[in-house]
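# Summary of structural features
Spelled out from the first residue to the last, the chains are:
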Amino acid sequence: MKKVFTLIAAAFLAAGVNAQTIFSWEAGVATGGTVEANGGNTAVSETLITVSAKKANIDTDNVTISLDEALAADDVIAITGYRKKDTDANGTLYIDFGVGTAIDEGDNVVWNNIHENVGQEPNTNNYTITDQAGSKTIRLARSKASTNVFITKIVITRGGADGISTVSAVAQDAPAFNIAGQKVAAGFKGIVIKNGKKVVIK
């Protein structure tokens, strides 16, 4: 029987289904791992993860995400958050992984400012895993000592965010033949042989 390979998840993408989620945190609920505040300059509530610890103190003062499943190459970490400051002072993250690598946002202002004088909405930043593969721990601190970062949502997807997570083999319909052994079209009526069995098509 002839088989064709179909990207099953491509259909899911059209229906709005995302790639496999291996971790998520939102509204105080974590799946695929745990979130814990360590030290006095971080906090985890039912609405926010507050990151105000400095990267210089990350060993003792951080937000730690412990994953049930290790990160793999091409996984994507999507973090939604904001800063709230009456100036344009940076609010940037330092993201440390348990395999000895880190993502340092440095001087870049990548988080929107929702202060009433500015009125921006929270924004989402995506980080693709490369050298961090194999880590089951993510520690968060702020890269610069200027202002806090407030995180409202974290989602980690396996293999990226393109919606394709599975490739499966799907069998096509077998061809039909008449009793003389000739292949017949789909609209043929009568006795046919299909998959080695006689079938009456009315």
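Keep in mind it's a predicted model, so treat the numbers as computed, not measured. (Residues numbered from 1 in each chain as written. Predicted model: local features only at pLDDT ≥ 70, side-chain atom pairs only at ≥ 80, totals over all residues. Heavy atoms only, no water.)

One pass over the full model with this rule turns up seven salt bridges. For D59, the salt bridge goes to R139, with nearest N and O atoms at 3.0 Å. Residue D59 is found in the loop between β6 (49–51) and β7 (62–67), and its partner R139 is found in strand β12 (residues 137–142); the two are separated by 80 residues along the sequence. Among the ionic contacts, a cluster of salt bridges with common partners joins D59, D96 and R139. (Salt bridge = Lys/Arg side-chain N within 4 Å of Asp/Glu carboxyl O. Helix = DSSP H or I, 4+ residues; strand = E, 2+ residues; numbered from the N terminus.)

So, about the pairing of β7. The buried fraction of β7 is high, at five of six residues. Two elements, strand β4 (residues 33–38) and β7, share six bridges in a ladder whose sense is antiparallel. By the bridge assignment for β7, A37 is matched with V63. Alignment of β7 against β12, held across four bridges, turns out to be antiparallel. When the sheet's bridge partners are listed, V63 is paired in β12 with L140. (Buried < 20%, exposed > 50% of the residue type's maximum accessible area, 1.4 Å probe, protein only. Pairing = 2+ DSSP bridges.)

Moving on, we get to the side chain of H115. Within the element layout of this structure, H115 appears in the loop between β10 (102–104) and β11 (123–128). Excluding anything up to four places from it in sequence, H115 contacts R83, K84, K85 and D86. (Contact = heavy atoms within 4.5 Å.)

If you trace the four strands from one edge of the open sheet to the other, you get β16-β15-β17-β18, paired in antiparallel fashion. The sheet terminates laterally at β16 (183–184) and β18 (197–201), the two strands that pair on one side only. Across two bridges, strand β15 (residues 176–177) lies against strand β17 (residues 190–194) in antiparallel orientation. Across the sheet, F177 pairs through a bridge with I193, a residue of β17.

Next up on the list: the packing of aromatic side chains. Here a ring pair, both rings aromatic, is described through the centre-centre distance and the interplanar angle of the planes. Scanning the model with the defined rule gives one aromatic pair in all. When the centroid spacing of 5.3 Å and the interplanar angle of 25 degrees are considered together, the rings of Y82 and F150 count as stacked. Linking Y82 in strand β8 (residues 76–82) with F150 in strand β13 (residues 149–157), this pair joins segments that are 68 residues apart in sequence. Across the pair, exposure class does not vary: Y82 and F150 are buried alike. (Phe/Tyr/Trp six-rings, centres within 6.5 Å; stacked < 30°, edge-to-face > 60°.)

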